[in-house]
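Okay, here's what each chain looks like letter by letter:
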Amino acid sequence: MMFVCSDTEPDTDPTDLPDIDKWVAENDSRGRRLSGNVLGPTSAATTVRVRDGELLVSEGPFAETAEVIVGFDLLDCADLDEAIEVARTHPMARQGRLELRPFADLPD
């Protein structure tokens, strides 16, 4: 899973900024991107918790931070090196940050 995040310190060099539509098309055609989307604003977030049997619902994200998750891409890569190469070419690698995280192997 690749989380696409904002960043308070984006790259200040606008030259050769990758095009997101080209990035999506290339990775979709190679079968490396299985799904992805942009998320709505944090103002539309709802956080759900249960504590001592009581449902707690609050408006907003679970954490108040300057950086937020703004989207995601589900990747199918042979290894971490390939996932890093895919992330390196994503526009948000320069304007934000990308977090790569494998799915956990859960016992049956």
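Rules and cut-offs
Residues numbered from 1 in each chain as written. Predicted model: local features only at pLDDT ≥ 70, side-chain atom pairs only at ≥ 80, totals over all residues. Heavy atoms only, no water. Pairing = 2+ DSSP bridges. Helix = DSSP H or I, 4+ residues; strand = E, 2+ residues; numbered from the N terminus. Axes fitted to C-alpha atoms, helices over the stretch in contact; angles between N-to-C directions. Contact = heavy atoms within 4.5 Å. 1 Å grid on protein atoms, 1.4 Å probe; cavity = no way out; pocket = protein on both sides within 12 Å on 5 of 7 lines; lining within 4 Å. Points joined across faces, edges and corners; volume = space filled by probe spheres on them.

Description of the sheet that holds strand 2 (residues 33-38)
If you trace the four strands from one edge of the open sheet to the other, you get 2-5-1-6, paired in antiparallel fashion. Of all the strands in the sheet, just strand 2 and strand 6 (97-100) have a single pairing partner and so form its edges. If you compare each strand with its neighbour and ignore which way they point, the axes differ by 20° on average. Of the strand pairs in this sheet, strand 1 (residues 2-5) and strand 5 (residues 69-75) are connected by four bridges, and their pairing is antiparallel. Following the sheet pairing, Phe3 is matched in strand 5 by Phe72. Along the sheet face, helix 1 (residues 20-29) touches strand 1, strand 2 and strand 5 and points at about 155° away from the line of strand 2. Strands strand 1, strand 5 and strand 6 of the sheet are contacted by helix 2 (residues 80-88), whose axis makes an angle of about 160° with strand 6.

Considerations on the layout of surface pockets
By volume, the second largest pocket amounts to about 240 Å³. Taken together, 13 residues line the second largest pocket, and the ones lying closest to its centre are Met1, Cys77, Ala83, Arg101 and Pro102. The set of elements that each furnish at least two residues to the lining of the second largest pocket consists of strand 5 and helix 2.

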